[in-house]
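Descriptive structure summary
Letter by letter, the chains look like this.
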Amino acid sequence: MGTPDAMIVKVASFIPFFSPFAMFLRIGLASPMFWETALSFVILFVSIFIFGWLSAKIYHTGVLMYGKRPTFKELRKAMKAYKV
């Protein structure tokens with residue numbers, strides 16, 4: 001927290017789960033380069049889109065199974081059917 005330019009904080013600012021916290025820390029306490037901030041936001045938004053799309057496919061498969069809990073084998077089969 002005291003050193004926003006430490007390597008672990010720089011790396012954490014590009015990892016999607018930690019980027020909102022780490023980049024906010026870096027912007028508040030230091031001045032990161034514009035490309036670092038832009039890249040962090042792009043990685044975050046792309047990962048949100050990918051995980052949202054994947055979870056929608058898994059949810060769609062689960063709804064079609066009418067209450068039966070899906071196994072990993074059935075989810076893999078469904079993902080192949082949707083060409084994921």
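In case you missed it, the structure is sitting above this.
About the cut-offs
Residues numbered from 1 in each chain as written. Predicted model: local features only at pLDDT ≥ 70, side-chain atom pairs only at ≥ 80, totals over all residues. Heavy atoms only, no water. Salt bridge = Lys/Arg side-chain N within 4 Å of Asp/Glu carboxyl O. Helix = DSSP H or I, 4+ residues; strand = E, 2+ residues; numbered from the N terminus. Buried < 20%, exposed > 50% of the residue type's maximum accessible area, 1.4 Å probe, protein only. Contact = heavy atoms within 4.5 Å. Polar contact = N/O pair within 3.5 Å; in protein donor to acceptor, adjacent residues only side chain to side chain.

A word on the pattern of salt bridges
Between side chains of opposite charge, a pair can form as their charged atoms come close. Within this structure, the stated rule accounts for one salt bridge. One salt bridge in this structure joins arginine 26 and glutamate 36, with 2.8 Å as the shortest N-O distance. Linking arginine 26 in helix H2 (residues 19–29) with glutamate 36 in helix H3 (residues 34–64), this pair joins segments that are ten residues apart in sequence. Neither arginine 26 nor glutamate 36 differs from the other in exposure class; each is buried.

Topic: the environment of phenylalanine 18
Relative to the helices and strands, phenylalanine 18 resides in the loop between helix H1 (7–12) and H2. When its relative accessible area of 42% is taken as the criterion, phenylalanine 18 is described as partly exposed.

A look at the side chain of threonine 37
Relative to the elements of secondary structure, threonine 37 occurs in helix H3. What makes threonine 37 buried here is its relative accessible area of 14%. Those residues in contact with threonine 37, other than ones at most four positions away along the chain, are Met23, Ile27 and Pro32.

Overview of the side chain of serine 13
Looking at where serine 13 falls in the secondary structure, it is placed in the loop between H1 and H2. At a separation of 3.2 Å, a polar atom in the side chain of serine 13 contacts the side chain of arginine 26.

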